[in-house]
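Examination of the molecular architecture
Here are the chains, one letter per residue:
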Amino acid sequence: NFIRGWPARLRHAGMVRYPLPRGRGIFTYPENAADLAALADLVGRAGSQDQPILDLSGERALYYLLDRRPAVRCPDVSMLSAPPLMREALAQLDAHPPSVVILHGTKGLDEFDGVPNRVRIPEIMAWADAHYPVHMQVGRYDVALQIAPP
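What you see is a predicted model; the values in this text were computed from it and never measured.

Here we come to the overall build of the protein. Within the protein one finds six helices and six strands. Reading the helices (α) and strands (β) of the protein from amino to carboxyl end gives α-β-β-α-β-α-α-β-α-α-β-β. In terms of overall dimensions, the protein has C-alpha extents of about 50 × 35 × 25 Å along its principal axes. Considering only contacts in the protein between residues 6 or more positions apart, those separated by 24 or more positions represent 56%. One finds the centroid of the 16 positive side-chain charges in the protein at a distance of 9 Å from the centroid of its 16 negative side-chain charges.

A few words now on the confidence of the model for the protein. With 97% of its residues at a pLDDT of 70 or more, the protein has an overall mean of 90. Confidence, read as mean pLDDT per element, is least for helix H1 (residues 6-11) in the protein (72) and greatest for strand S3 (residues 54-55) (97).

Right, let's get into the sheet that holds S3. Read from one edge of the open sheet, four strands run S3-S4-S6-S5, paired in mixed fashion. Each edge of the open sheet is held by one strand with a lone partner, namely S3 and strand S5 (134-138). Relative to strand S6 (residues 141-145), S5 is paired through five bridges, and the arrangement is antiparallel. Following the sheet pairing, Met136 is matched in S6 by Val143. Sheet strands touched by helix H2 (residues 30-46): strand S4 (101-104), S5 and S6. Its angle to S6, the strand with the most contacts, is close to 5°.

The next subject is the packing of helix H4 (residues 83-95) against helix H6 (residues 122-131). Viewed as axis vectors pointing N to C, H4 and H6 meet at an angle of 15°, and their least axial separation amounts to 10 Å. Judged by the inter-axis angle, H4 sits roughly parallel to H6. In terms of crossing hand, the pair formed by H4 and H6 is right-handed. Listed contacts from H6 to Met86, Ala89, Leu90, Leu93 and Asp94 of H4 are Glu123, Ile124, Trp127 and His131. By residue class, the composition of the contact of H4 with H6 is six nonpolar, one polar and two charged.

Another aspect to go through is the side chain of Asp142. Within the secondary structure, Asp142 sits in strand S6. The charged side chain of Asp142 is buried without a salt bridge, its nearest counter-charge being Arg118 at 6.6 Å. Residues in contact with Asp142, not counting those within four places in the same chain, are Val101, Ile102, Leu103, His104, His135, Met136 and Gln137.

Reading guide: rules and limits
Residues numbered from 1 in each chain as written. Predicted model: local features only at pLDDT ≥ 70, side-chain atom pairs only at ≥ 80, totals over all residues. Heavy atoms only, no water. Helix = DSSP H or I, 4+ residues; strand = E, 2+ residues; numbered from the N terminus. Contact = heavy atoms within 4.5 Å. Lys, Arg positive; Asp, Glu negative; His and termini not counted. Charge placed at Lys NZ, Arg CZ, Asp CG, Glu CD. pLDDT = per-residue confidence, 0-100. Pairing = 2+ DSSP bridges. Axes fitted to C-alpha atoms, helices over the stretch in contact; angles between N-to-C directions. Parallel < 35°, antiparallel > 145°, perpendicular 65-115°, else oblique. Left-handed = near helix turned anticlockwise from the far one by under 90°. Nonpolar A, V, L, I, M, F, W, Y, C, P; charged D, E, K, R; others polar. Buried < 20%, exposed > 50% of the residue type's maximum accessible area, 1.4 Å probe, protein only. Salt bridge = Lys/Arg side-chain N within 4 Å of Asp/Glu carboxyl O.

And the structure:
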């Protein structure tokens, strides 16, 4: 099937270009493009370009695609379960709050080994719940904000 489908992939059948400048013209599926465009719009309205974001969805490419810095030094969610890194991340979040917290995205990435992030990093999830009470569904993304964007 992989070999038989190769010609269609070369023609990018059923695919569209990434809607973000950092996509640099590569192709993706229309649903993914729509989700990313909607997320980029919300992130742009929620804060200035120099404000970091916090991605807890497991889709680390979002930092690159949205052209935003991570709010913490260690953006790998699975690593944040280590107590020293969790304490460091909480201090960084308090000192420099992100414009948004992306809680969930592609199904399964936020529990890649069967452990949901609410169990893996409960202190960080509690911090997000306490500081970002507004939740919005943006395509496949569940995004938490401090206040509703303009």
